[in-house]
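One letter stands for each residue in the lines below.
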Amino acid sequence: MNSGQVVAVWSAAGSVGRTSIAASLACELAKFGKSVLVIDADVYAPSLAQHFGFDQHYSGISVAIRLIDQERLTDEAFDQLLLEYQIAKHELKILAGLTMTNRWPEIGFEKIRQLLDYASTRFDFVFVDVASNIETGVVDARLLSERNSTTIGALSCANKIVAITTADSIGLNRFVWSMHALRELKLDENVLTLVNRFAQAGRRQTSEVAASLRQFAEVEIAGFVDEDATLFGRATTEGVPAILVGRNSSAKQALSQFALSRLLELPATSRRRLAKLG
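In this text, all values refer to a predicted model and were calculated from it rather than measured experimentally. (Residues numbered from 1 in each chain as written. Predicted model: local features only at pLDDT ≥ 70, side-chain atom pairs only at ≥ 80, totals over all residues. Heavy atoms only, no water.)

Structural notes on the pattern of salt bridges
- Considering all chains together, one arrives at eleven salt bridges under this definition.
- The partner of glutamate 91 in a salt bridge is lysine 93, and the shortest N-O contact between them spans 3.8 Å.
- The partly exposed category is assigned to glutamate 91, whose relative accessible area is 31%.
- Of the residues examined, lysine 93 reaches a relative accessible area of 16% and is grouped as buried. (Salt bridge = Lys/Arg side-chain N within 4 Å of Asp/Glu carboxyl O. Buried < 20%, exposed > 50% of the residue type's maximum accessible area, 1.4 Å probe, protein only.)

As structure tokens, this is what we get:
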């Protein structure tokens, strides 16, 4: 019986900071004592391990899927596949993604669902970083495998989908079209829209972006993360999730607020108390 929540982190195409945000949100929940696993299920450009400072030298997800196929996946065997990342007195676990993207047929719709179902019995939160592409019917003629089935499978069994966009015209246009494609999949999951790299231009622009997404994508914005090139640049250089970079930042505050209010669903009084302790 599932006990944990599966949170899929997804975006339209383009460099919107999806993986960086997935890493930061996972760290924030781990800081507050939740058991957290992060899975790299991006079958186009896996990079999650590098965001935590690890080399992408082996594919934990491939081995896990193979063990599922062989009906040999035990808790002990699974634990041996996970990378450990320390956060002060806490830690989170990482299941590294593919080392070569031409190995994408190893995963697929049913297998990623089985993996996430299993992982959700072991952890309070399972974050899964997925690729942008969700078109159906994209089939490899030689293997007769659907290219985007892993992403669709992960989205289909998520309790929540964090859908990330930027606020520029190109990013919003891509997001609107991708949200229509996501809606066509007829998923029942709770979609939380997060606007990343938002230039601090005042309430008017905030209202305009919110109105545009409400009208054209039929979504409400769950949060804004301010533009902070220095913060995210340091995170990339140092191999540390942005939320752990040692500098004050409104972007870090926004990510923390989003994690506590939208993922943990804590009331405001509890969030203020935890923020002081954190």
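Past the structure itself, the notes keep going.
Topic: the packing of aromatic side chains
- The tally for this structure, following the rule as stated, stands at five aromatic pairs.
- Aromatic side chains phenylalanine 52 and tyrosine 85 sit 5.0 Å apart centroid to centroid with 70 degrees between the ring planes, which places their arrangement in the edge-to-face category. Residue phenylalanine 52 is located in the loop between α2 (48-51) and α3 (60-69), and its partner tyrosine 85 is located in strand β3 (residues 83-87); the two are separated by 33 residues in the primary sequence. Here the two residues phenylalanine 52 and tyrosine 85 agree in accessibility, since each one is buried.
- Among the aromatic residues, ring-to-ring pairing joins Phe52, Phe54 and Tyr85 into one connected group.
- Between arginine 147 and the ring centre of tyrosine 44, over which it is positioned, the NZ or CZ distance is 4.0 Å. (Phe/Tyr/Trp six-rings, centres within 6.5 Å; stacked < 30°, edge-to-face > 60°. Helix = DSSP H or I, 4+ residues; strand = E, 2+ residues; numbered from the N terminus. Lys NZ or Arg CZ within 6 Å of the ring centre and 35° of its normal.)

Focus on the nonpolar core
- Ranked by size, the top nonpolar core spans 52 residues in total, and within it Trp10, Ile39, Ile61, Phe78, Leu95, Leu115 and Leu213 carry the most contacts.
- Setting aside residues no more than four positions away along its own chain, leucine 95 makes contact with Leu37, Val38, Ile39, Asp40, Gly60, Ile61, Ala64, Phe78, Leu81, Leu82 and Leu115.
- Formed by 46 residues, the second largest nonpolar core is a distinct cluster that contains Val9, Leu29, Phe127 and Leu264. (Core = buried A, V, L, I, M, F, W, Y, C linked by side-chain atoms within 4.5 Å. Contact = heavy atoms within 4.5 Å.)

Points about unusual backbone geometry
- A positive phi angle, near 55 degrees, is found at alanine 88, a position not held by glycine.
- Its place among the elements puts alanine 88 in the loop between β3 and β4 (90-95).
- With a phi close to 60 degrees, glutamate 265 is a non-glycine residue in the positive phi region.
- Assignment of secondary structure puts glutamate 265 in the loop between α10 (250-263) and α11 (268-277).

A look at the environment of arginine 262
- Looking at the secondary structure, you find arginine 262 in helix α10.
- Taking C-alpha positions, arginine 262 is 7.9 Å from leucine 192, a pair spaced 70 residues apart along the chain.
- When residues no more than four places from it in sequence are discounted, the contact partners of arginine 262 are Lys160, Leu192, Ile221, Ala222 and Gln257.

Some points on the side chain of serine 132
- Residue placement: serine 132 occurs in the loop between β5 (125-130) and β6 (139-140).
- A distance of 3.1 Å separates a polar atom in the side chain of serine 132 from the backbone oxygen of alanine 12.
- Filtering out sequence-adjacent residues up to four positions away, serine 132 remains in contact with Trp10, Ser11, Ala12, Ala13 and Arg18. (Polar contact = N/O pair within 3.5 Å; in protein donor to acceptor, adjacent residues only side chain to side chain.)

Observations concerning the sheet that holds strand β9 (residues 190-198)
- If you trace the eight strands from one edge of the open sheet to the other, you get β3-β4-β2-β5-β1-β8-β9-β10, paired in mixed fashion. Sheet topology places β3 and β10 (221-226) at the edges, where each strand pairs with a single neighbour. Between one strand axis and the next, the sheet turns by 25 degrees as a mean value, whatever way the strands run.
- Bridge count for β3 against β4 is five bridges, and the pairing is antiparallel. Paired with glutamate 84 across the two strands is lysine 93, which belongs to β4.
- Running over the sheet, helix α8 (residues 203-216) touches β8 (160-166), β9 and β10 and is turned about 140 degrees from β9. (Pairing = 2+ DSSP bridges. Axes fitted to C-alpha atoms, helices over the stretch in contact; angles between N-to-C directions.)

What to know about the environment of threonine 236
- Tracing the sequence through the fold places threonine 236 in helix α9 (residues 229-238).
- When the C-alpha positions of threonine 236 and glutamine 205 are compared, they lie 28 Å apart, and in sequence the two are 31 residues distant.
- A distance of 3.0 Å separates a polar side-chain atom of threonine 236 from the backbone oxygen of phenylalanine 232.

Overview of the pairing of strand β2 (residues 36-41)
- Summarising burial for β2: six of the six residues are buried, a large majority.
- Residues Val36, Val38 and Asp40 line one face of β2 and the alternating positions Leu37, Ile39 and Ala41 line the opposite face, and both faces are buried.
- As paired strands, β2 and β5 are joined by six bridges and run parallel to one another. When the bridges of β5 are listed, isoleucine 39 appears paired with valine 128.
- Where β2 and β4 come together, three bridges link them in parallel fashion. Counted as the bridge partner of leucine 37 is lysine 93 from β4.

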